[in-house]
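Observations on the three-dimensional arrangement
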Amino acid sequence: MDEIKQLVADIKQKKLKPIYLLMGEETYFIDKLSDYIETNVLSEEEKGFNQMVLYGRDVTVEDVVGHAKRYPMMAEYQVIIVKEAQDLSRTFDKFLEYAKQPQPSTILVLNYKYKSVDKRKAIYKTLKKSGVVFESKKLYENQIADWIRRVLSPKSYSITPKASQMLIEFLGTNLSKINNELEKLQIVLPKDSQITPEHIEENIGISKDYNNFELRKAVGSRDVLKAQRIVKYFAENPKDNPMVVSVSLLFSFFSQLLHIHGMQDKNPRSVAAALKINPFFVDEYLVAVRNYPMKKVSANIAILREFDVKSKGVGSNAVPQGDLLKELLVHLMF
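A brief look at the structure comes next. (Residues numbered from 1 in each chain as written. Predicted model: local features only at pLDDT ≥ 70, side-chain atom pairs only at ≥ 80, totals over all residues. Heavy atoms only, no water.)

1. A short note on the packing of helix H13 (residues 243-261) against helix H15 (residues 282-291)
Quick note on the threshold: Axis angles are defined between N-to-C directions and span 0 to 180 degrees, where every axis is a line fitted to C-alpha atoms and, for a helix, only to the segment in contact. In DSSP terms, a helix is any run of H or I states spanning at least four residues, a strand is any run of E spanning at least two, and both are numbered starting from the N terminus. An angle below 35 degrees is treated as roughly parallel, one above 145 as roughly antiparallel, one from 65 to 115 as roughly perpendicular, and anything else as oblique. The contact rule is simple, with two residues in contact once any of their heavy atoms fall within 4.5 Å. Only Asp, Glu, Lys and Arg are considered charged in this grouping, and only Ala, Val, Leu, Ile, Met, Phe, Trp, Tyr, Cys and Pro are considered nonpolar; every other residue, Gly among them, is considered polar.
Where H13 meets H15, the axes come as close as 10 Å, and the angle between the chain directions of the two elements is 75°. One element, H13, and the other, H15, form an angle in the roughly perpendicular class. Packed against H13, whose contacting residues are Phe253, Gln256, Leu257, Ile260 and His261, the element H15 presents Glu284, Tyr285, Leu286, Ala288 and Val289 at the interface. Among the residues forming the contact of H13 with H15, the class breakdown is seven nonpolar, two polar and one charged.

Shown next, in the form of structure tokens:
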């Protein structure tokens, strides 16, 4: 995040580089940086003759280099943005000669998504030397809630920890999808609003009561009735609640409980730091630790491994996933 802020600050101050290679698995940051350059480097009057957006599937490296070598018209710079540059991966090394002596009046932006250029190659080293190479890495799940807060804060919105967790549980670590849903909420909610689970349920369609987050909480507190209601809902809505996701979340949960059992200092602050979780959720984990001794936690981890295999159809082809989930619940909680 700090690297992104610095890049944006440099662009604002017109500290521009002739080449920007934006690469990596997380497409959200690539798109944001590319869009920022597209919007802010040239004035609206300059863009007509001096800004060009190309797509990797439609051009060759030679085409891109040919455009890059031209001079701007009545402007200090021209901007060339190559979207989906990974489609040029087989011939990407041909950028090497241009990268050695890039046109100083051209800002060439290469959006190389879903993967990275081999760092051992001369093309990578040369691009890094003559321009900017930004690698956009996937955020870990425990980093997403903080990212959501940072995205909302400048726009005068906040979000409750539970609402944030619901988005993560439903959408995973796909920042673009999460951002799209946040933008929808900003349309319907006035500024200075706090986004709540009710807002998520009403506007995005994620149930605030029947989700994996609530299932984890019910299992941890050994609330059998609530857990059974959630599993029944999952069995009736299997497409929206695949068992493999539930098993994965519960496996992570019990693995964290095992970690807590091994800690000498079980102070809430220490637990939050060790597990890298929001302090808001620490009590839930500490309740579960009291409800599940270490021996039972270890047994549940083994059970979850077994049901993970079953949830993927190995050895249980004829058993509906709803029935498997009900059976798993019995093994975990009793």
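After presenting the structure, the write-up continues.
2. Describing the environment of phenylalanine 95
The cut-off we apply is this: Summary of the burial criterion: residues with accessible area below 20% of their type's maximum are buried, those above 50% are exposed, and those between are partly exposed, where the area comes from a 1.4 Å probe applied to protein chains only.
By the element assignment, phenylalanine 95 lies in the loop between strand S3 (78-83) and helix H5 (96-100). Relative accessible area serves as the criterion here: at 2%, phenylalanine 95 is assigned to the buried category. Along the chain, phenylalanine 95 and valine 65 lie 30 residues apart, while their C-alpha atoms are 7.4 Å from each other. Phenylalanine 95 has contacts with Val61, Val64, Val65, Leu88, Leu108, Leu110 and Ile123, leaving out every residue within four places of it along the chain.

3. A word on the packing of H13 against helix H16 (residues 294-311)
Here is the rule we go by: When the near helix sits turned anticlockwise from the far one by under a right angle, the crossing is termed left-handed; a clockwise turn instead gives a right-handed crossing.
Close contact between H13 and H16 brings their axes to 9 Å; oriented N to C, the two are set at 160°. As far as their axial angle goes, H16 and H13 are roughly antiparallel. The two elements H13 and H16 cross, and the hand of that crossing is left-handed. Packed against H13, whose contacting residues are Met243, Val244, Val247, Leu250, Phe251, Phe254, Ser255, Leu257, Leu258 and His261, the element H16 presents Met294, Val297, Ser298, Asn300, Ile301, Leu304, Arg305, Phe307, Asp308 and Ser311 at the interface. Its residues placed into classes, the contact of H13 with H16 shows 13 nonpolar, five polar and two charged.

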